[in-house]
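# Residue-level structural notes
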Amino acid sequence: MGDDDLGRGVAVRLSGLCLTPAGRPADKLICSDAVRGGLFVDLALAGRIESDDESIVLDERPTGWAPADRLLAAVAVEPERSLDDWLGERRLGFRDVVDANVASGRWRPRGGLAWRRRFADGAADVTAADLRRRWPWPDGTGSPQDAAVTAIALAAGLLDREHGWSTPPAEALVAATAPADWLCAVVVEHLRAAAVRYAGETYGTAPF
């Protein structure tokens with residue numbers, strides 16, 4: 001996966017799973033966590049974030065895709081922050097990807113007030129396929145990006161739109177996200193903890 005694919009990557013596909021049937025971005029904080037985690041995985045798949053024995057190695061050159069570039073720039077300014085801390089950084093994530101989806105034409109605005117905007121998903125077929133996808137793949141095939149979308153969506157409860165139940169993805173599914181498997185594992189653990197923390201709490205939802 002290269003920089004040219006970021007606008008069709010894990011974060012964008014996860015944002016489609018966070019769009020309600022009415023066309024509104026879901027007002028659950030777990031959606032922002034999931035999309036933000038997808039951004040990190042996208043960067044890892046693009047070779048922009050790697051891990052060595054002691055730290056995370058960042059290639060901060062612009063990718064040309066606004067959400068990824070904003071994230072890279074922010075991490076470069078505060079390299080001392082942990083990855084788990086960045087995964088909970090609410091100033092970055094879902095809103096950035098929504099704006100990028102509109103700018104690229106992937107989502108088409110359908111009106112609504114600024115904080116309750118509605119959209120038509122121009123890639124509804126991709127979103128529908130992601131909702132149906134289960135591990136192991138029936139045909140035995142699937143890309144690292146497919147695996148990342150499914151693993152993160154399971155951990156965030158995005159594949160159960162009625163209840164939003166978080167499900168631990170299989171270790172083999174996370175491993176199938178290689179070369180981003182090390183980062184996807186961290187994202188999954190963050191989301192599992194966040195799902196428990198948000199459940200039943202008043203700050204588990206927020207207006208988009």
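Before reading on, note that the structure itself is shown above.
As a starting point, this report considers the structure included with it. None of these values were measured; they are calculated from a predicted model.

## Structural notes on the overall build of the chain
Looking only at helices and strands, the chain features nine helices and four strands. Secondary structure elements of the chain, listed N to C terminal, follow the sequence α-α-β-β-α-α-α-β-β-α-α-α-α. Burial statistics for the chain: of 208 residues in total, 46% are counted as buried. Partitioning the contacts of the chain with sequence separation of at least 6, the portion at a separation of at least 24 is 67%. Total accessible area on the chain stands at roughly 10,000 Å², and carbon and sulfur atoms take up 53% of it.

## Brief notes about the environment of Leu 19
The residue Leu 19 is located in the loop between α1 (10-17) and α2 (29-45) in this model. Overall, the relative accessible area of 7% leaves Leu 19 in the buried class. Residues Leu 19 and Arg 118, 99 residues apart in the sequence, show an inter-C-alpha distance of 9.0 Å.

## Some details on the nonpolar core
The tendency in soluble globular proteins is for nonpolar side chains to be buried as a group. In this structure, Leu 14, Phe 40, Val 41, Ile 152 and Leu 158 are the most contacted members of the largest nonpolar core, which totals 58 residues. Of all the secondary structure elements, the ones that give two or more residues to this core are α1, α2, α3 (66-77), α4 (83-87), α5 (94-104), α7 (144-156), α8 (171-175) and α9 (181-198). When residues in this core are grouped by element, the largest group, 11 residues, is from α2. Contacts of Val 41, omitting those with residues within four sequence positions, involve Val 10, Ala 148, Ile 152, Ala 180, Leu 183, Cys 184 and Val 187.

## Things to note about the packing of α2 against α9
In contact at an axis separation of 10 Å, α2 and α9 are set at 175° when each is read in the N-to-C sense. With respect to α9, the element α2 is oriented roughly antiparallel. Across from Leu 29, Ile 30, Asp 33, Ala 34, Gly 37, Phe 40, Val 41 and Ala 44 in α2, the residues of α9 making contact are Leu 183, Cys 184, Val 187, His 190, Leu 191, Ala 194, Ala 195 and Tyr 198. By residue class, the composition of the contact of α2 with α9 is 13 nonpolar, two polar and one charged.

## Considerations on the pattern of salt bridges
Enumeration over the complete set of coordinates arrives at 14 salt bridges. The partner of Asp 59 in a salt bridge is Arg 61, with the nearest N and O atoms 2.7 Å apart. Judged by its relative accessible area of 21%, Asp 59 falls in the partly exposed class. Ionic contacts of the salt-bridge type, sharing partners, join the residues Glu 78, Arg 81, Asp 85, Glu 89 and Arg 91 into one network.

## Remarks on unusual backbone geometry
Residues Trp 135 and Pro 136 are joined by a peptide bond in cis, for which omega reads 0°. You can see Pro 136 is positioned in the loop between α6 (124-132) and α7. With an omega of 15°, the peptide bond running from Ala 178 to Pro 179 counts as cis. Position of Pro 179 among the secondary structure elements: in the loop between α8 and α9.

## A word on the packing of aromatic side chains
This model, assessed by the stated rule, comprises one aromatic pair. Summarising the aromatic geometry, the rings of Trp 107 and Phe 119 are spaced 5.4 Å apart at their centres and angled 40° between planes, so their arrangement reads as tilted. Residue Trp 107 is found in strand β3 (residues 107-109), and its partner Phe 119 is found in strand β4 (residues 119-121); the two are separated by 12 residues along the sequence. An identical accessibility class is assigned to Trp 107 and Phe 119; each is buried. In this structure, Arg 81 is placed above the aromatic ring of Trp 86, and the distance from its NZ or CZ to the ring centre is 4.0 Å. Above the ring of Tyr 198, the side-chain terminus of Arg 197 is found at 5.2 Å from the ring centroid.

What counts as what
All chains use their own residue numbering, which begins from 1 and follows the written sequence. Local features are withheld for residues below a pLDDT of 70 in this predicted model, meaning they are given only at 70 or higher, and side-chain atom pairs are given and counted only at 80 or more; totals for whole chains, interfaces and linings count all residues. Computation of side-chain values: all heavy atoms of the structure, hydrogens and water removed. Helical segments are the DSSP runs of H or I of at least four residues, strand segments are the runs of E of at least two, and each set is numbered from the N terminus. The rule is simple: take the accessible area with a 1.4 Å probe, protein chains only, and divide by the maximum for that residue type; under 20% is buried, over 50% is exposed, in between is partly exposed. Residue contacts are defined here by distance: any two heavy atoms, one from each residue, within 4.5 Å place the two residues in contact. A 1.4 Å probe and the Shrake-Rupley method give the accessible areas. Residues count as covered only by the protein chains that appear here. Residues belong to a common nonpolar core when they are buried Ala, Val, Leu, Ile, Met, Phe, Trp, Tyr or Cys residues joined through side-chain atoms within 4.5 Å. Every angle, taken between N-to-C directions, lies between 0 and 180 degrees, and every axis is a line fitted to C-alpha atoms, over only the stretch in contact when it is a helix. Oblique is the label for any angle not covered by the other classes, which are roughly parallel (under 35 degrees), roughly antiparallel (over 145) and roughly perpendicular (65 to 115). As a working rule, the residues Ala, Val, Leu, Ile, Met, Phe, Trp, Tyr, Cys and Pro are called nonpolar, Asp, Glu, Lys and Arg charged, and the rest polar, with Gly in that last group. Salt bridges are defined by distance alone: a side-chain nitrogen of Lys or Arg within 4 Å of a carboxyl oxygen of Asp or Glu. Here is the rule: rings of Phe, Tyr and Trp (six-membered ring for Trp) pair when centre to centre is within 6.5 Å. Planes less than 30 degrees apart are stacked, more than 60 are edge-to-face, and the remainder are tilted. Charge-over-ring placement is defined geometrically: NZ (Lys) or CZ (Arg) within 6 Å of the ring centre, and within 35 degrees of the ring normal.

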